[in-house]
Amino acid sequence: MIILRNKLPGRELDKRLEYIITGKINSDIIVLGSSRGARGIVASQLADSFHTTAYNLSYPGSNIYFHEYLLTELLKNGNKKPKLVILVVDDSYELGENYSLQFRFDRLYPLVKYKSIRNTLIEKGEKNRILSGLFIIHQLSISNFDPRKEKFTYLDTLRDDGSMPVSWQDPNFDRSFGSKNVAYERDKEEQSKIESFTHIVRMCRDNKIVVLFACAPTFGKPTIGFKQRITELAGNNSFVMQCDTTNPVYRDADYFTDSTHLKQKGAAIFTTDIAAFINQNKILN
């Protein structure tokens, strides 16, 4: 079993988490988020804009708990401390219940040969501390026994900069702009997610890292009050950006893959807007 466990990382195509826990991330700009961050921001474009290094650590289907975990591990494993963290927040369910966003345990199990990964699985209640120490088989998941090597699909092809833009459009996308005004509902927030969010703010503040919360565009009007709520929680030492959805680009269905995600050419525009915001606010000066 120990041979199987120790060979698991070699099957992985997405090496980003392994890079984090082994101290191999060396970028001045780090992007965190779910699929909106993965698809919507092109890290290499940011790097070119500022003549620096940038890396995208966004994972489709991930929630604020996972983003908090990634930043925590990034800062404690000998990686280069970034100057800027861009956290792409999901309007409007960043802080509320959403079953499509999870802590990505499936990204941890291929790396169980590392003690820090095993400890996280125990701390999160996935594994029993005593059994994990006694039996290697207890450290594994069923997926670990699949002998097939991972392959990228059209949904999750990873670029060298960690970004995952897509050029296709979902055939079920009805291309109708969401013009309805919807108000943000604070009563649906989860306290534990608020705590993870504010912990990210504190980690950046304590490490003298600038944090920019970017509200990724969807094919519709922004939720009324969402940006204001993020700004309130982010505090005075952070930046919050929301796209101008009156911009014709963000009302053009050709720039979206579906109602909540940008296509590659839309991601290029959004990344340009983020670079402009960084310049206007002298964030990297």
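Above this text sits the structure in question.
Because the structure is a prediction, the values reported are computed rather than measured.

The rules we used
Residues numbered from 1 in each chain as written. Predicted model: local features only at pLDDT ≥ 70, side-chain atom pairs only at ≥ 80, totals over all residues. Heavy atoms only, no water. Axes fitted to C-alpha atoms, helices over the stretch in contact; angles between N-to-C directions. Helix = DSSP H or I, 4+ residues; strand = E, 2+ residues; numbered from the N terminus. Parallel < 35°, antiparallel > 145°, perpendicular 65-115°, else oblique. Contact = heavy atoms within 4.5 Å. Nonpolar A, V, L, I, M, F, W, Y, C, P; charged D, E, K, R; others polar. Buried < 20%, exposed > 50% of the residue type's maximum accessible area, 1.4 Å probe, protein only. Pairing = 2+ DSSP bridges. Right-handed = clockwise from strand over helix to strand, strands pointing away. Arc of directions from axis to C-beta. Salt bridge = Lys/Arg side-chain N within 4 Å of Asp/Glu carboxyl O.

1. Considering the packing of helix 10 (residues 191–206) against helix 11 (residues 226–234)
Taken N-terminus to C-terminus, the directions of helix 10 and helix 11 make an angle of 55°; their axes are 9 Å apart at the nearest point. Between helix 10 and helix 11, the angle is such that the two are oblique. On helix 11, the residues that touch I194, F197, T198 and V201 of helix 10 are R229, I230, L233 and A234. Here the contact of helix 10 with helix 11 is built from residues that sort into six nonpolar, one polar and one charged.

2. As for the pairing of strand 4 (residues 210–215)
Consecutive residues of a regular strand have side chains that alternate between opposite faces of the sheet. The buried count for strand 4 comes to five of six residues, which makes it a mostly enclosed element. Where strand 3 (residues 84–89) lies against strand 4, six bridges are found, and the strand directions are parallel. Residue pairing across strands places V89 opposite C215, the latter belonging to strand 4. Examined bridge by bridge, strand 4 and strand 5 (residues 239–242) share four bridges and lie parallel to one another. Looking at strand 5, one finds that F213 is bridged to V240. Running through helix 11, the crossover from strand 4 to the neighbouring parallel element strand 5 is right-handed.

3. Here's the deal with helix 4 (residues 43–50)
Buried within helix 4 we find A43, L46, A47 and F50. One face of helix 4 carries all of its buried residues, which in axial projection span an arc of 100°.

4. Some points on the environment of V249
The residue V249 is located in the loop between strand 5 and helix 12 (264–280) in this model. When its relative accessible area of 15% is taken as the criterion, V249 is described as buried. It is 10.0 Å that separates the C-alpha atoms of V249 and K265, two residues lying 16 residues apart in sequence. Among all residues touching V249, those that are not within four sequence positions of it are Y255, F256 and I269.

5. Focus: the pattern of salt bridges
The tally for this structure, following the rule as stated, stands at 14 salt bridges. One salt bridge connects D106 with R107, and the closest N-O pair in it is separated by 3.7 Å. You can call R107 buried: its relative accessible area is 10%. In this structure, the salt-bridge partner of E189 is R229, at a minimum N-O distance of 2.8 Å. Here E189 is found in the loop between helix 9 (136–139) and helix 10, whereas its partner R229 is found in helix 11, with 40 residues between them in sequence. Judged by relative accessible area, E189 falls into the buried class, the value being 15%. Its relative accessible area of 9% is what places R229 among the buried residues. Several salt bridges share partner residues, and in doing so they unite E12, R104, D106 and R107 into one network.

6. Topic: unusual backbone geometry
As a rule of thumb, non-glycine residues mostly have phi less than zero, and peptide bonds are mostly trans rather than cis. For the bond running from D91 to S92, omega is 10°, close enough to zero to count as cis. For S92, the location among the structural elements is in the loop between strand 3 and helix 6 (105–108). The phi torsion at H51 lies on the positive side, around 50°, for a residue other than glycine. Along the chain, the position of H51 falls in the loop between helix 4 and strand 2 (54–56). Assessed through its relative accessible area of 76%, H51 is described here as exposed. Even without being glycine, R175 reaches a positive phi, approximately 65°. Among the structural elements, R175 can be located in the loop between helix 9 and helix 10.

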